[in-house]
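# What the coordinates show
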Amino acid sequence: MAIDLLYLNQDDVVKAGVTDMGRCIDVMEEMFTLMGQGDYLMGGYARNSHGMEIFPPESSPFPNMPVEGPDRRFMAMPGYLGGRFHMAGLKWYGSNRENIKKGLPRSILMVCLNDPDTGAPLAYMSGNLISSMRTGAVPGVGVRLLANEDAAVVAVIGCGVINRTCLAAILCARSSIRKVQIYDLFPAAAQSMVEYINRTHPGVEAQVCDSIENAVRNADVVTVATSGANPPVIDDAWLKDGVLLSLPAEVKLPKEFVLKTRKIIDNKRMHQLWEEECKGVGDFHTTVGILSSYLVEYVNQGEMSWDDVTNIGDILAGKAVGRKDKKEKILFIMGGMPIEDIAWGTEVYNKALEMGLGTRLHLWDEPYKL
């Protein structure tokens, strides 16, 4: 039996609508609903692994072997998503902060889609935009479900690519938002975010703040996405009632605040597994780099239970409630999942087929017999 696959480069995925944030939020909501119903698979025997990562050593006697460095890693993230998607796939990428000096993005990603019955490859796709859009769209789902209906002010802590897509999703999910309060360690990055907002959402006021405290005060939604050795610190005394903290990256919050505050997560089983998968790698908080590493610690210390944490998919599947009242403060914690890439990759792939985009690659007419 002959097998062909579709190769989609960056221009192809753009033409196929990869940057359509509203549609991406819809697809992520559909994906979380399927997850809440249990119609998905991820890596490992527990079927919930974030992925398999190659950690380069600190040093090596082999001159060409990659060695440890900032954001230096290779990672494979496999999964299967059911429902109308019915697709298996993999996101594979290499990352190295030194890439930036070469004019390249820190991470270079590809998405492969496979027939879930035969395993045959269906598509091999440029993955950077697929990944960045789905990363932003997930907070958009959180805002739809968990932010107050009249949310008017957003605080943006960190002005890199991740928070740009997160903000785009937040503004798409809540048309009531009228002001964005911005903080970044680097003034040029904050000003670039202002220019982005002025260009894409001219009716929204963009204000640069001189501290995290001034940025988050009076905010209805706070999105935190920074990189570097020192995560941002937020005191809960700065936060108003009813705030939603959208957390796709690391943040430091007072322990008592975390323990008493409503905690929603993308996939708590995945976050539980990280502890097992990261044993012996180094500091757990640094390795994981998100708030869930502290949840693991608090559970191990007997100060909370995983029953205190709710999967957002369970809310969408009708197994748990969302926001309980206007004053409730909510933490929405995300780590990223391969089924997000498969969902959005499948949507882009189907649109590319419909539009006749991409390059057909011929694998074989029939498998070679040895």
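For the structure, check the block above.
Reading guide: rules and limits
- Residues numbered from 1 in each chain as written.
- Predicted model: local features only at pLDDT ≥ 70, side-chain atom pairs only at ≥ 80, totals over all residues.
- Heavy atoms only, no water.
- Helix = DSSP H or I, 4+ residues; strand = E, 2+ residues; numbered from the N terminus.
- Rg over C-alpha atoms; globule rule 2.2 N^0.38 Å.
- Buried < 20%, exposed > 50% of the residue type's maximum accessible area, 1.4 Å probe, protein only.
- Areas by Shrake-Rupley, 256 points an atom, 1.4 Å probe, with all protein chains shown as cover.
- Pairing = 2+ DSSP bridges.
- Salt bridge = Lys/Arg side-chain N within 4 Å of Asp/Glu carboxyl O.
- Core = buried A, V, L, I, M, F, W, Y, C linked by side-chain atoms within 4.5 Å.
- Contact = heavy atoms within 4.5 Å.
- Phe/Tyr/Trp six-rings, centres within 6.5 Å; stacked < 30°, edge-to-face > 60°.

### A look at the overall build of the chain
Scanning the chain from terminus to terminus reveals twelve helices and 16 strands. A compact globule built from 370 residues should have a C-alpha radius of gyration of about 21 Å, and the chain, at 21 Å, falls within 12% of that. On the principal axes, the C-alpha backbone points of the chain span a range of 70 × 50 × 45 Å. Each of the 370 residues in the chain was classed as buried or not, and the buried ones make up 52%. Summed over its atoms, the accessible surface of the chain is roughly 17,200 Å², and 52% of this surface lies on carbon and sulfur atoms.

### Description of the pairing of strand β12 (residues 244–247)
Neither face of β12 is exposed, since Leu244 and Ser246 on one face and Leu245 and Leu247 on the opposite face are all buried. The sheet contact formed by strand β11 (residues 221–224) and β12 spans three bridges and is parallel. Note that in β12 the partner of Val221 across the bridge is Leu244. Sheet analysis places β12 next to strand β15 (residues 330–333), joined by four bridges and oriented parallel. By the bridge assignment, Leu244 is partnered in β15 with Ile330.

### Focus on unusual backbone geometry
With a phi angle near 60°, Arg47 is a residue other than glycine that sits in the positive phi range. Structurally, Arg47 can be placed in the loop between β2 (40–42) and β3 (52–54).

### Concerning the pattern of salt bridges
A full pass over the atoms with the stated rule returns 20 salt bridges. Arg84 serves as the salt-bridge partner of Glu30, at 2.7 Å between the closest nitrogen and oxygen. In this pair, Glu30 sits in helix α2 (residues 21–37) while Arg84 sits in the loop between β4 (73–81) and β5 (87–95), placing the two residues 54 residues apart along the sequence. Residue class for Glu30 comes out partly exposed when judged on its relative accessible area of 25%. For Arg84, a relative accessible area of 46% translates into the label partly exposed. A salt bridge links Lys91 to Asp341, with the nearest nitrogen and oxygen atoms 3.3 Å apart. Taken together, the positions of Lys91 in strand β5 and Asp341 in helix α12 (residues 338–355) put the pair 250 residues apart, joining distant regions of the chain. Grouping residues by exposure puts Lys91 and Asp341 together as buried. Each of the salt bridges in this network shares a partner with another, and the network as a whole consists of Arg23, Asp26, Glu29, Glu30, Arg84, Arg144 and Glu347.

### Quick word on the nonpolar core
The biggest cluster of nonpolar side chains holds 72 residues, and the ones touching the most others in it are Met28, Phe32, Leu81, Met125, Ile182 and Trp344. Top element by residues in this core is α2. It accounts for nine residues. Apart from the residues lying within four places of it in its own chain, the contact partners of Met125 are Leu8, Val13, Leu109, Met110, Val111, Leu113, Ile130, Gly345, Val348 and Tyr349. Counting 32 residues, the second-largest nonpolar core is a separate cluster that includes Tyr183, Cys209, Trp238 and Leu331.

### Some remarks on the pairing of strand β1 (residues 3–8)
Taken together, the five bridges between β1 and strand β16 (residues 359–364) define a ladder with antiparallel strand orientation. Looking at β16, one finds that Leu6 is bridged to Arg360.

### Focus: the packing of aromatic side chains
Both the distance between ring centres and the angle between the ring planes are used here to describe each pair of aromatic rings. On inspection of all chains with the given rule, the structure shows two aromatic pairs. Plain terms: the ring middles of Tyr294 and Tyr298 are 6.5 Å apart, the flat faces sit at 40° to each other, and that makes the pair tilted. You can see Tyr294 and its partner Tyr298 sitting in helix α10 (residues 292–300), four residues apart, about one turn around the helix. Exposure class is identical for Tyr294 and Tyr298. Each is buried.

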